[in-house]
Amino acid sequence: RERHNVVGEFASGGVNVPIDFPTPLRAQMLISIGHSTLASGRLEAGRAMIDNLAQMSLDPKQAAMVEYLSALADKVEGNADIAIDRWRAIADAGVDRKVSVLARLAQIETAVETGSMKPADGAAAIDKLRFDWRGDQIEMNMLKILGEMREKAGNYHGALGAWKEAVTYYPDAPQSAE
């Protein structure tokens, strides 16, 4: 979250990725900056990144990631139900496995936050989702959220188990200290 806040603060002042950068690199930079900007709650700057990306010729994976970011912008704007529906559609489309996992995770997490899904059901859904993506920051985040949902559901032993897995698999990750 700290990284998102730092990048989001930087981006809220306006980011200009040079137009002469190769399109795939430029798109990836804008996607990463846009994600951090929206994750830190900076809607206007995040929407500017999305608008910039919408004008580019993107491959299907990048286009799916822009859809993911658009749904995140909907959530930041207070339209959680719209975001949940969009993330569900992105995950179901299966254009890219990574984007599908991110969308499904966001869908589940937001559904629990809004009360449309019980924490125990969210934890069960994330536990299944874990097998779709392994070995990086996404899995670390998934384990953290899984622990939080288990804790909300009153499954303290399961919560501690998820968090222990996270720090065991990712001892050098900054979140492991939390």
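Just above sits the structure.
Definitions and limits used
- Residues numbered from 1 in each chain as written.
- Predicted model: local features only at pLDDT ≥ 70, side-chain atom pairs only at ≥ 80, totals over all residues.
- Heavy atoms only, no water.
- Axes fitted to C-alpha atoms, helices over the stretch in contact; angles between N-to-C directions.
- Helix = DSSP H or I, 4+ residues; strand = E, 2+ residues; numbered from the N terminus.
- Parallel < 35°, antiparallel > 145°, perpendicular 65-115°, else oblique.
- Left-handed = near helix turned anticlockwise from the far one by under 90°.
- Contact = heavy atoms within 4.5 Å.
- Nonpolar A, V, L, I, M, F, W, Y, C, P; charged D, E, K, R; others polar.
- Phe/Tyr/Trp six-rings, centres within 6.5 Å; stacked < 30°, edge-to-face > 60°.
- Salt bridge = Lys/Arg side-chain N within 4 Å of Asp/Glu carboxyl O.
- Buried < 20%, exposed > 50% of the residue type's maximum accessible area, 1.4 Å probe, protein only.
- Core = buried A, V, L, I, M, F, W, Y, C linked by side-chain atoms within 4.5 Å.
- Arc of directions from axis to C-beta.

Chemist: Now, about the packing of helix 5 (residues 80-93) against helix 6 (residues 97-114): what can you tell me, with residues and values included?
Modeler: At their nearest, the axes of helix 5 and helix 6 sit 8 Å apart, and the two run at 150° to each other. What the angle tells us is that helix 5 and helix 6 run roughly antiparallel. As helix 5 runs across helix 6, the sense of the crossing is left-handed. On helix 6, the residues touching Ala-80, Ile-84, Trp-87, Arg-88, Ile-90, Ala-91 and Asp-92 of helix 5 are Val-99, Ser-100, Ala-103, Arg-104, Ala-106, Gln-107, Thr-110, Ala-111 and Thr-114. When the residues that make up the contact of helix 5 with helix 6 are grouped by side-chain class, the tally is nine nonpolar, four polar and three charged.

Chemist: I'd like a rundown of the packing of aromatic side chains, residues and numbers included.
Modeler: Pairs of aromatic rings are described using the distance from one ring centre to the other and the angle between the two planes. Going through the model one piece at a time under the given rule, you end up with two aromatic pairs. Summarising the aromatic geometry, the rings of Tyr-169 and Tyr-170 are spaced 6.4 Å apart at their centres and angled 85° between planes, so their arrangement reads as edge-to-face.

Chemist: Summarise the environment of Lys-98; cite the residues concerned and give the values.
Modeler: One can find Lys-98 in helix 6. A C-alpha to C-alpha distance of 7.3 Å links Lys-98 and Trp-133, two positions 35 residues apart in sequence. Those residues in contact with Lys-98 that lie beyond four places of it in its chain are Trp-133 and Ile-138.

Chemist: Got a sec to walk through the pattern of salt bridges? Specific residues and values, please.
Modeler: Enumeration according to the criterion identifies twelve salt bridges in this entry. Here Arg-47 and Asp-74 are joined by a salt bridge, their closest N and O atoms 3.2 Å apart. Residue Arg-47 is located in helix 3 (residues 43-54), and its partner Asp-74 is located in helix 4 (residues 60-76); the two are separated by 27 residues in the primary sequence. According to the relative accessible area criterion, Arg-47 is partly exposed, its value standing at 25%. Several salt bridges converge on common partners, so that one network encompasses Arg-47, Glu-67, Asp-74, Glu-77 and Arg-86.

Chemist: So, the nonpolar core: which residues are in play, and what are the values?
Modeler: With 39 residues, the main nonpolar core has Leu-53, Tyr-68, Leu-69, Trp-87, Ile-126, Met-142 and Met-149 as its most contacted residues. Of all the secondary structure elements, the ones that give two or more residues to this core are helix 2 (23-39), helix 3, helix 4, helix 5, helix 6, helix 7 (119-129) and helix 8 (137-152). Not counting residues up to four positions away in its chain, the partners in contact with Met-142 are Val-101, Leu-105, Ile-126, Leu-129, Arg-130 and Trp-133. Ranked by size, the runner-up nonpolar core spans five residues in total, among them Met-140, Leu-143, Tyr-170 and Ala-173.

Chemist: Go over helix 7, please, and point to the residues and values.
Modeler: Buried within helix 7 are the following residues: Gly-122, Ala-123, Ile-126 and Leu-129. Seen along its axis, helix 7 keeps its buried residues to an arc of 120°; they face one direction. Residues of helix 7 that are buried in the fold lie against helix 6 and helix 8.

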